[in-house]
Amino acid sequence: MIGKFFHLPNHRRFNIPYRYFNPEKEEMEERESRIKKEMGIHEKKESDENYRPNIRGQFRRSMGDSSKTASDARKSSNTRLIMLIAILSLAVYLFFKF
């Protein structure tokens, strides 16, 4: 028991094998592209040329009509506030009048 009291555990090693990243393959592709560039051979992928990101306005489209309902809720809230102020001011006026 005394031996365990002063015992410091060894650090744990953390090792995760690569799933999606293969450094050997990446190095080989980089070397091939560098060699092709030096030789003057350029291979362009058609998917790269034709790809154009289309993200403008997608958030608003995905939200749908929620922005309209938010503006409607704001309008109704403003209307309620104006009505409340009018009723309170009328009540204060009538209280001091009589």
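All values derive from a computational prediction rather than experimental measurement. All chains use their own residue numbering, which begins from 1 and follows the written sequence. Only residues with pLDDT of at least 70 are given local features in this predicted model, and only at 80 or more are side-chain atom pairs given and counted; all residues enter the totals for whole chains, interfaces and linings. Excluding hydrogens and water, the side-chain figures rest on all heavy atoms present in the structure.

Asker: Mind showing me how you'd approach the packing of aromatic side chains here?
Answerer: By convention here, two paired aromatic rings are described through the distance between centres and the angle between planes. Working definition: rings of Phe, Tyr and Trp (its six-membered ring) pair if their centres are within 6.5 Å, and the pair is stacked with planes under 30 degrees apart, edge-to-face with planes over 60 apart, and tilted otherwise. Tallied over the entire structure, the rule returns one aromatic pair. Consider the rings of F95 and F96, whose centres lie 5.5 Å apart with planes at 70°: the pair is edge-to-face. The two residues F95 and F96 agree in class, both being exposed. With a 1.4 Å probe rolled over the protein chains alone, any residue whose accessible area is under 20% of its type maximum counts as buried; one over 50% counts as exposed, and the rest are partly exposed.

Asker: I keep staring at the pattern of salt bridges and nothing clicks. Help me out?
Answerer: Pairing is possible between side chains that carry opposite charge, provided their charged atoms lie close to one another. The rule for a salt bridge is simple: a side-chain nitrogen of Lys or Arg has to be within 4 Å of a carboxyl oxygen of Asp or Glu. For the structure on display, the rule yields one salt bridge. Of the charged contacts, one joins E27 and R31 as a salt bridge, the two residues approaching to 3.6 Å between their closest N and O atoms. Of this pair, E27 and R31 both sit in helix 2 (residues 23-39), separated by four residues, roughly a single helical turn. We classify R31 as partly exposed; its relative accessible area is 37%. Only runs of H or I of at least four residues qualify as helices and only runs of E of at least two qualify as strands under DSSP, and these elements are numbered from the N terminus.

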